[in-house]
Amino acid sequence: MSRPRKPAPEAPLARSKRISLEAAADRYGVSVDTLRRRITDGSLPAYRMGARLIRVEEADVAALFQPVQSVGGAR
């Protein structure tokens with residue numbers, strides 16, 4: 001007799017997609033250097049995988065972009 005299987009626990013990191021700096025820069029129209037500056041200043045969390053590979057959460061990159069409020073109205 002076999003015991004019923006428990007469902008595998010969902011990995012907490014599986015909520016958002018991690019992408020390379022190059023992919024994020026291409027997708028959002030910014031340079032890799034801009035993303036690296038945001039990582040350095042703490043406004044973009046990043047994850048190191050191994051010695052050289054850096055990944056960012058796609059949602060974190062999207063959160064950097066804020067809508068610009070119009071000051072005077074349409075002309």
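Structural data are supplied above this passage.
What counts as what
Residues numbered from 1 in each chain as written. Predicted model: local features only at pLDDT ≥ 70, side-chain atom pairs only at ≥ 80, totals over all residues. Heavy atoms only, no water. Helix = DSSP H or I, 4+ residues; strand = E, 2+ residues; numbered from the N terminus. Buried < 20%, exposed > 50% of the residue type's maximum accessible area, 1.4 Å probe, protein only. Contact = heavy atoms within 4.5 Å. Areas by Shrake-Rupley, 256 points an atom, 1.4 Å probe, with all protein chains shown as cover. Pairing = 2+ DSSP bridges. Axes fitted to C-alpha atoms, helices over the stretch in contact; angles between N-to-C directions. Phe/Tyr/Trp six-rings, centres within 6.5 Å; stacked < 30°, edge-to-face > 60°. Lys NZ or Arg CZ within 6 Å of the ring centre and 35° of its normal.

Asker: I tried to follow the overall build of the chain on my own but got confused; where do I start?
Answerer: Looking only at helices and strands, the chain has three helices and three strands in total. Start at the N end of the chain and walk to the C end: the helices and strands fall as β-α-α-β-β-α. The buried share of the chain, taken over its 75 residues, is 16%. For the chain, contacts bridging at least 24 residues in sequence account for 47% of all contacts bridging at least 6. As presented, the chain carries roughly 6500 Å² of accessible surface, and 53% of it is formed by carbon and sulfur atoms.

Asker: I tried to follow the sheet that holds strand S3 (residues 53-57) on my own but got confused; where do I start?
Answerer: Taking strand neighbours across the sheet as the criterion, the three strands line up as S1-S3-S2 in an open arrangement whose pairing is antiparallel. Strands at the two margins of the open sheet, each flanked by one partner only, are strand S1 (18-20) and strand S2 (47-49). Strand-to-strand twist across the sheet, computed as the mean angle between neighbouring axes with direction ignored, equals 40°. Relative to S3, S2 is paired through three bridges, and the arrangement is antiparallel. Counted as the bridge partner of Met49 is Leu53 from S3.

Asker: Just to check I follow, could you spell out the packing of aromatic side chains for this structure?
Answerer: Two measures describe an aromatic ring pair: the distance that separates the ring centres and the angle between the ring planes. As enumerated under the stated definition, the model contains one aromatic pair in all. Taken together, a centroid distance of 5.5 Å and an interplanar angle of 20° make the contact between Tyr28 and Phe65 stacked. Taken together, the residues Tyr28 in helix H1 (residues 21-28) and Phe65 in the segment after helix H3 (58-63) connect sequence positions 37 residues apart. The positively charged end of Arg18 is found above the aromatic ring belonging to Tyr47, 3.7 Å away from the centroid.

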